[in-house]
Structure formats: structure tokens, C-alpha cells
Amino acid sequence: QLQLVGSGGGLVQPGGSLRLSCAASGFTLDYYAIGWFRQAPGKEREGVSCITSSDGSAYYADSVKGRFTISRDNAKNTVYLQMNNLKPEDTAVYYCAADPFTYGLGPTAYDYWGQGTQVTVSS
């Protein structure tokens, strides 16, 4: 059964760092594009970053470029989102998602989703 398990969220001060993990089971991760998305209260879900299944190219929303890094560890069948220099506006529930045919930062393109993990950036 295809499953994604997201973890790694927590409470951090502005300027701090967190690493989110998305562990896959029931499928081989490197055949799927993996995306990270977030949703703050009262706002629509937005794309943060994705990594392709073909050549491993990474894409980022303008709001996180230079601060966030997406990566994969195929041996562990896991994708990570390293988040540095966190800001209060990064506060949201973060989700990972997978799709075998598409990539990008549009949430509707992804068929498989993990549970959300809360990231709170506050002093």
C-alpha cells in the first residue's frame, strides 16, 4: 500500500532551523515527483518545493528560495525539506505529496498525500 509519512515539525524561534522528513512505503520514491506544501489558517494551500523523479531537479517558491533545500535519500526512501532562517510567515501545516507523472508547485497535480506536520515560528 502506498503511504507517505511526514514528520519533523515543531516550535522554533525566528532564524532557527527545522528539517522535515517524508518517508515513503509501498512504492519506490525515485519514480515519483515529491512536493512539499503548506497551509496557514485562513489561507489556501501553497507549494513550497518539489523534486522531480527524472533528473532530481529542485524547484522552490520565491518566498523560500535561499532558505529551504529539498533533497532525497533513496537508500532510506525518504525526502527531506531543510528549512533555515525560518520566519514567522513560514508558520503553517506542512504536507508532503507524491505523483508519478507530474511535478510542480500546484497542489492539485499530486495524487498521494501524507499527514500534515505543524511548523510554528514564534518568539
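Caption draft 1: How the structure looks around the pattern of salt bridges. If you walk through the whole model with that rule in mind, you get four salt bridges. When the shortest N-O distance is used, the salt bridge between Asp-62 and Lys-65 registers 3.1 Å. You can call Asp-62 exposed: its relative accessible area is 63%. Counted as one network, the salt bridges with shared partners bring together Arg-38, Glu-46, Arg-67 and Asp-90.

Caption draft 2: Quick look at the packing of aromatic side chains. Inspection of the entire model under this criterion finds six aromatic pairs. Every member of this aromatic cluster is reached through a ring pair, and the members are Phe-37, Tyr-95, Tyr-110 and Trp-113. For the cation-ring pair, Arg-19 lies above Tyr-80, with the distance from its terminal atom to the ring centre recorded as 4.2 Å. Sitting above the plane of the Trp-113 ring, Arg-45 keeps its charged end 4.9 Å from the centroid.

Caption draft 3: Looking closely at the sheet that holds strand β8 (residues 78-83). Taken together, four strands build an open sheet; the order of strands is β1-β3-β8-β7 and the sheet is antiparallel. Every interior strand has two partners, whereas the edge strands, β1 (3-7) and β7 (68-73), have only one. Strand-to-strand twist across the sheet, computed as the mean angle between neighbouring axes with direction ignored, equals 15°. Of the strand pairs in this sheet, strand β3 (residues 18-25) and β8 are connected by six bridges, and their pairing is antiparallel. Across the sheet, the residue bridging to Ser-21 is Tyr-80, located in β8.

Caption draft 4: Fine view of the nonpolar core. Among the nonpolar cores identified, the biggest contains 27 residues, and Trp-36, Phe-68, Leu-81, Met-83 and Tyr-94 are the most heavily contacted of them. Of all the secondary-structure elements, those providing two or more residues to this core are β3, β4 (33-39), β5 (46-51), β7, β8, β9 (92-99) and β11 (117-121). Ignoring anything within four residues of it in the chain, the contact list for Met-83 reads Gly-16, Ser-17, Leu-18, Leu-20, Arg-67, Phe-68, Tyr-94 and Val-119.

Rules used throughout
Residues numbered from 1 in each chain as written. Predicted model: local features only at pLDDT ≥ 70, side-chain atom pairs only at ≥ 80, totals over all residues. Heavy atoms only, no water. Salt bridge = Lys/Arg side-chain N within 4 Å of Asp/Glu carboxyl O. Buried < 20%, exposed > 50% of the residue type's maximum accessible area, 1.4 Å probe, protein only. Phe/Tyr/Trp six-rings, centres within 6.5 Å; stacked < 30°, edge-to-face > 60°. Lys NZ or Arg CZ within 6 Å of the ring centre and 35° of its normal. Pairing = 2+ DSSP bridges. Helix = DSSP H or I, 4+ residues; strand = E, 2+ residues; numbered from the N terminus. Axes fitted to C-alpha atoms, helices over the stretch in contact; angles between N-to-C directions. Core = buried A, V, L, I, M, F, W, Y, C linked by side-chain atoms within 4.5 Å. Contact = heavy atoms within 4.5 Å.

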